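# Structural characterization, general
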Amino acid sequence: MVQSIDRAMQIVQALISDETRFHWSISDLAEKTKLPISTVHRLISTLIQHGLVEQVADTKQYKAGHLWMEIGLRLLENVDYRVVARPIMEALAMEVKESTYLNIPHGTDAIIIERVDSPLKVRIIDNLGIRIPLHIGAGNKTILANFEEREMTATIEKLIPAEGKRLELYNQLRDIKQQGYAISYGERTEGTASIAAPIIGYGNKVVGALSIGVLSYQITDERLAYLIEKVKDAAQLISQKIGKTP
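A short tour of the structure in this document, coming up. This is a predicted model, so every value here is computed, not measured. (Residues numbered from 1 in each chain as written. Predicted model: local features only at pLDDT ≥ 70, side-chain atom pairs only at ≥ 80, totals over all residues. Heavy atoms only, no water.)

### What to know about the overall build of the protein chain
Convention followed: Helix and strand definitions here come from DSSP, where helices need a minimum of 4 consecutive H or I residues and strands a minimum of 2 consecutive E residues; each element is numbered from the N-terminal end. Three exposure classes are used, based on accessible area relative to the maximum for each residue type with a 1.4 Å probe and protein chains only: buried under 20%, partly exposed in between, and exposed over 50%. The contact criterion used throughout is that any non-hydrogen atoms of two residues lie within 4.5 Å. Residue burial considers only the protein chains on display, and all accessible areas are found by Shrake-Rupley using a 1.4 Å probe.
Each helix and strand counted, the protein chain has 9 helices and 8 strands in total. Each principal axis of the C-alpha atoms in the protein chain carries an extent, and together these give about 70 × 45 × 30 Å. Each of the 246 residues in the protein chain was classed as buried or not, and the buried ones make up 41%. Considering only contacts in the protein chain between residues 6 or more positions apart, those separated by 24 or more positions represent 53%. Accessible surface, the protein chain as shown: approximately 14,200 Å² in total, 53% of it carbon and sulfur.

Put into structure tokens, the structure is as follows:
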């Protein structure tokens, strides 16, 4: 039984192994998996019965079944980003000695859904649940910068009436997307700064941002470079754990 499951998964992995190839013949699957053609045929028949593999009517070749997509979407809906992100945020806060935040987009705003306070007495605290427009703050800007073009444009048009200011923001977002992080100074609270990186989920879609809140006077060039590296690494780790495609 275990061997059959293992071989069946070899077939499934073969079916999704090439992003440019969607249909496979029995002989190609046998060559790819190093399994006898008779074994591949028998296992595919069982996989078809369960909706895990489908046969293309015109070519009689095979492809991965839609049940995998249903399973993936159900798992995705059940992902609690806070549960995944919390231990990584705690480790980051302890390492950099600053408060860390998790934001998720909601319409033209972002909402802070998790926070880990700095272990130091002097620290920055933003309350959970507050909504902040997506063009304000490093965390929000890194989310907006990673929206699909059409969604980003529509959001900016709603947030910023003046065309000149829109262009300025577009240029800023382009740089943020390219460098993989954002920095903001005093955009919400004077004397504070934020360094943020995007959290990318399934299908390379941005689902949130991880940020570090700091006091502006404490930032040196060396300290800033350190914080950028740490927040990018932590955001990448969260992205991997919630299912980012390689």
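### Concerning helix α3 (residues 37–49)
The condition is simple: Here the expected span of a helix is defined as 1.5 Å times the quantity of residues minus one.
Taking 1.5 Å as the rise per residue, α3 with 13 residues should run 18 Å; its terminal C-alpha atoms sit 19 Å apart, in good agreement. Where the residues of α3 are buried, they touch α1 (2–15), α2 (26–33), β1 (53–55) and β2 (62–64). G51 sits one or two residues past α3 and shows a positive phi near 75°.

### Some remarks on the packing of α2 against α3
This is how it is decided: Axis angles are defined between N-to-C directions and span 0 to 180 degrees, where every axis is a line fitted to C-alpha atoms and, for a helix, only to the segment in contact. Any angle that falls under 35 degrees is termed roughly parallel, while one over 145 is termed roughly antiparallel, one within 65 to 115 roughly perpendicular, and all others oblique. Definitions for this section: a left-handed crossing has its near helix turned counterclockwise from the far helix by less than a right angle. A right-handed crossing has that turn clockwise. Gly falls in the polar group here, along with every residue not listed as nonpolar (Ala, Val, Leu, Ile, Met, Phe, Trp, Tyr, Cys, Pro) or charged (Asp, Glu, Lys, Arg).
Look at α2 against α3: their axes get within 9 Å of each other, and the N-to-C directions meet at 110°. The angle between α2 and α3 places the two elements in the roughly perpendicular class. Note on packing geometry: the crossing formed by α2 with α3 is right-handed. Residues I26, S27, L29, A30 and T33 of α2 form the contact with α3, whose participating residues are I37, V40, H41 and I44. Tallied by class, the residues present in the contact of α2 with α3 amount to 6 nonpolar, 3 polar and no charged.

### Topic: a nonpolar patch on the surface
The condition that has to hold: The residues that make up patches have over 30% relative accessible area and no salt bridge, and they are joined within 9 Å when like-charged or within 5 Å when they are Val, Leu, Ile, Met, Phe, Trp or Tyr. The working definition used for a salt bridge is a side-chain nitrogen of Lys or Arg within 4 Å of a carboxyl oxygen of Asp or Glu.
Taken together, I5, M9, W68 and I71 make up a surface patch of nonpolar side chains, about 330 Å² in accessible area. Looking at where W68 falls in the secondary structure, it is placed in helix α4 (residues 67–77).

### Notes on the packing of helix α6 (residues 138–145) against helix α8 (residues 163–179)
Running from amino to carboxyl end, α6 crosses α8 at an angle of 85°, the nearest separation of the two axes being 9 Å. Put simply, α6 runs roughly perpendicular to α8. Contacts between α6 and α8 involve K141, T142, L144 and A145 on the former and, on the latter, L169, Q172, L173, I176 and K177.

### A word on the pattern of salt bridges
In this structure the tally under the stated criterion is 10 salt bridges. Measuring nitrogen to oxygen at the nearest pair gives 2.4 Å for the salt bridge that ties R21 to D28. The closest approach of N and O atoms between D117 and R115, which form a salt bridge, is 2.6 Å. Linked by salt bridges that have partners in common, R86, E90 and E114 make up one network.

### Describing unusual backbone geometry
Phi at K34 is positive, roughly 65°, even though this residue is not glycine. You can see K34 is positioned in the loop between α2 and α3. On the accessibility criterion, K34 (69% relative accessible area) is exposed. Notably, K97 is not glycine yet its phi reads approximately 60°, a positive angle. For K97, the position within the fold is in the loop between α5 (81–96) and β3 (99–106). For K97, a relative accessible area of 36% corresponds to the partly exposed category.

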